[in-house]
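# An overview of the molecular structure
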Amino acid sequence: MALYTAAQAPGYVMAVLADGNTSAIGSDQVLLTSKHLFDEMRVGDTPSIPRLQELMRNIAEEAHQVIKMNPIAKTAEPQSALALMVLTPAGQAVWAHVGDARVYRFDGETCAMRSNDGAYIEHLVQQDKLPLEAAKRHRSSKLLNNALGNNFNAPFVTAGYHDGLQAGDAFLLCSDGLWQLFKDTELAAAVARNTPRQAAERLISKAGERAQGKGDNCSMAIIKLVEQPKEIPNYTIQKMRRAV
């Protein structure tokens with residue numbers, strides 16, 4: 001996972017979470033591709049949500065193609081799930097995910113949004129004409145599994161956004177090794193009641209207890225929005241300097 005600022009777009013921040021399967025090849029490539037394309041991004045006066053969603057689709061597609069080009073991919077089949085989120089200076093959050101990674105938005109201790117496989121399942125039913133029950137079991141099939149680096153299937157990107165961010169809003173990007181072990185309300189409470197570092201440490205510890213040695217890797221990125229500190233007036237600074 002990583003947090004990036006945009007080289008040519010001040011005020012923009014991207015959070016990335018990549019969950020690899022057999023090796024770090026897939027997840028490392030996702031981080032490299034995300035930073036490269038985010039650094040190339042140029043924006044106008046007004047942030048464009050469709051443009052940011054297109055950026056995320058481009059990141060997923062390019063990382064997918066490069067993973068498949070790796071010589072090791074012929075035998076090891078490295079793959080990666082992906083979660084992306086961009087925060088804009090206009091108080092917007094734009095996110096996307098591929099595969100088993102998830103994006104959550106919390107309003108205090110309430111889970112206001114959680115990404116899911118619904119759009120991908122609908123795609124399999126509508127476009128590939130699969131029976132609904134077969135589409136729901138896509139994660140058990142190499143042919144249907146939605147992941148970057150899958151030799152059988154192009155990645156399907158689910159995207160969304162939220163306007164009007166304010167202090168108290170929080171986001172969680174995480175791997176299936178975390179979200180499969182917790183209720184949405186538990187995750188919301190853990191993030192709301194702790195600093196991001198404390199929340200991550202406590203969730204990892206509890207995940208280990210619940211998995212009883214059988215869990216998957218537990219990766220996450222937590223972003224909490226707080227009030228911007230008020231600037232200290234110049235006269236106050238001068239008084240402080242005189243006092244010193």
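Worth saying up front: this structure is predicted, and the values here are computed from it rather than measured.

## Here's the deal with the sheet that holds strand β2 (residues 9-20)
Across a sheet, strands are paired by hydrogen bonds formed along the backbone, either parallel or antiparallel in direction. Overall, antiparallel pairing links the five strands, which are arranged β1-β2-β3-β4-β7 in an open sheet. What marks the edges here is a single partner per strand, and that holds for β1 (2-6) and β7 (158-162). Going from strand to strand, the sheet's axes swing by 15 degrees on average, the running direction of each strand aside. Strand contacts of helix α1 (residues 25-40): β1, β2 and β3 (80-87), with the helix running at about 165 degrees to β2, the strand carrying the most contacts.

## Considering the sheet that holds strand β8 (residues 169-174)
Pairing is antiparallel in the open sheet, where four strands are placed in the order β6-β5-β8-β9. Edge positions in the sheet fall to β6 (110-114) and β9 (220-224), since each of these pairs with one other strand and no more. On average, each strand axis in the sheet is inclined to that of its neighbour by 20 degrees, with strand direction left out of account. Judged from the four bridges that link them, strand β5 (residues 102-107) and β6 form a sheet pairing that is antiparallel. From the neighbouring strand, R105 faces β6, where its bridge partner is M113. Helix α7 (residues 184-193) rests against β5, β6, β8 and β9 of the sheet, and its axis sits at about 65 degrees to β5.

## Considering helix α8 (residues 196-211)
For α8, with 16 residues, the first-to-last C-alpha span of 22 Å sits near the 22 Å given by 1.5 Å per residue. In the core, the buried residues of α8 are packed alongside α6 (176-179), α7 and β9. The positive-phi residue at the C-terminal boundary of α8 is Q212, with phi of around 50 degrees.

## Topic: the pattern of salt bridges
Within this structure, the stated rule accounts for six salt bridges. With its nearest N and O atoms 3.8 Å apart, the salt bridge here joins R114 to D184. Taken as a pair, R114 in strand β6 and D184 in helix α7 lie far apart in primary sequence, 70 residues in all. K206 is paired through a salt bridge with E209; the nearest N and O atoms lie 3.1 Å apart. In this pair, K206 and E209 both sit in helix α8, three residues apart, roughly one turn of the helix.

Calculation rules
Residues numbered from 1 in each chain as written. Predicted model: local features only at pLDDT ≥ 70, side-chain atom pairs only at ≥ 80, totals over all residues. Heavy atoms only, no water. Pairing = 2+ DSSP bridges. Helix = DSSP H or I, 4+ residues; strand = E, 2+ residues; numbered from the N terminus. Axes fitted to C-alpha atoms, helices over the stretch in contact; angles between N-to-C directions. Contact = heavy atoms within 4.5 Å. Expected span 1.5 Å × (residues − 1). Salt bridge = Lys/Arg side-chain N within 4 Å of Asp/Glu carboxyl O.

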